[in-house]
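# Analysis of the macromolecular model
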Amino acid sequence: MHAALVFRVLGTLQADRDGSPLPLPSRRQRAVLAALLIRAGRPVPADEVVEAAWGERLPDHPKAALQTVLSRLRTTLGAGLIRADVSGYRLNVTVEGVDALRFEALRERAAHAPDAAAARLLDAALALWRGPAYADFADRDFASAEAARLNELRAATVEDYADLSLRSGRATDAIAHLEALQASEPWRDRCVELLMRALCGSGRATGALQVYDRHRRGLAAEFGLDPSPALQDLQARILRNEPPETPRPVPAPPRWFAVSTPFVGRDTEMTTLVNAVRGNRLVTVT
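This text gives an overview of the structure that appears in the document. Because the structure is predicted, anything quoted here is derived from the model rather than measured.

One can find Gln29 in helix H1 (residues 27-38). Each C-alpha atom of the pair Gln29 and Thr68 lies 9.7 Å from the other, and the pair is 39 residues apart in sequence. Once residues lying within four places of it in the same chain are set aside, the contact partners of Gln29 are Leu24, Val69, Arg72 and Leu73.

What follows is the structure in structure tokens.
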């Protein structure tokens, strides 16, 4: 594999060589490449690659048609990049060669670094994003679960970066990230709490109260619910002009929470459940 070949999936799918985009004009070529990137370095059975490329409208000779697509991909990307064996097709890439792998590696390094270094690593991880993960294929069965997993990791990374910024006295560094996240995912309690703290810490207590009130009204209209006790307590402290308490570290969602298939039509409920699992020892779902 060419050392300067980089695949970008944190946004629309893109392949770069020496910093210049490579032409991937065929949607089927892009779909096959995306399916291989989702399991970068691991084999993907031929039937799954065919399904990613054609969905339910299969060609008359699927395996032969797939070989044509793979041949064109190899011509563009390099002959040795896609390997075939009895278990399927494997994309020969490294961590540095895929932005999603680099993103997760930076997160892992940040988890074991001092606060200042961790903040720099998370900032670098967030800089890799250009849009929603696998944006071209997030509505396709083969990519939707991985896209959702990466998007959730990005949201958690924004919150972790904001938390570190607040703890180091750099409240203003967190605000832009949190405002963007809160606009796209308004029901994340941790994001709302961190945004209120950041605004309050930068001398914008009125803005923090406005964030709380907007969140309260949205919860009531959408779910008939009140804000969490932690948010209510934070609002009360700001109204009393008391400094907010330093938030406790929030554990990551348990490993069993990762899903292998999409939860269609329940995006809001899934977001609420993720936030509930993060902030509570016990969560009951009815």
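As a further point, take the sheet that holds strand E2 (residues 14-17). Judged by pairing direction, the sheet is antiparallel, and its three strands sit side by side in the order E1-E2-E3 without closing on themselves. The outermost strands of the open sheet, each flanked by one partner alone, are strand E1 (5-8) and strand E3 (20-21). By the bridge criterion, four bridges tie E1 to E2 in an arrangement that is antiparallel. Bridge pairing in E2 places Arg8 opposite Gln14.

Positive phi, close to 45°, is recorded for Tyr134, a residue that is not glycine. Counting through the fold element by element, Tyr134 comes out in the loop between helix H5 (115-126) and helix H6 (141-167). One non-glycine residue, Asn241, lies in the positive phi region at around 60°. Turning to its location among the elements, Asn241 is positioned in the loop between helix H10 (229-239) and helix H11 (267-279).

Once that is clear, we can look at the pattern of salt bridges. In total, this model carries 24 salt bridges according to the counting rule given. Of the charged contacts in the structure, one is a salt bridge between Arg30 and Asp136, with a shortest N-O distance of 2.7 Å. Taken together, the residues span a long stretch of sequence, with Arg30 in helix H1 and Asp136 in the loop between H5 and H6 at a distance of 106 residues. The same class applies to Arg30 and to Asp136, which are both buried. Residue Arg190 is joined to Asp163 by a salt bridge in which the shortest nitrogen-to-oxygen separation is 3.5 Å. Of this pair, Arg190 sits in helix H8 (residues 189-201) while Asp163 is found in helix H6, placing the two residues 27 residues apart along the sequence.

What counts and what doesn't
- Residues numbered from 1 in each chain as written.
- Predicted model: local features only at pLDDT ≥ 70, side-chain atom pairs only at ≥ 80, totals over all residues.
- Heavy atoms only, no water.
- Helix = DSSP H or I, 4+ residues; strand = E, 2+ residues; numbered from the N terminus.
- Contact = heavy atoms within 4.5 Å.
- Pairing = 2+ DSSP bridges.
- Salt bridge = Lys/Arg side-chain N within 4 Å of Asp/Glu carboxyl O.
- Buried < 20%, exposed > 50% of the residue type's maximum accessible area, 1.4 Å probe, protein only.

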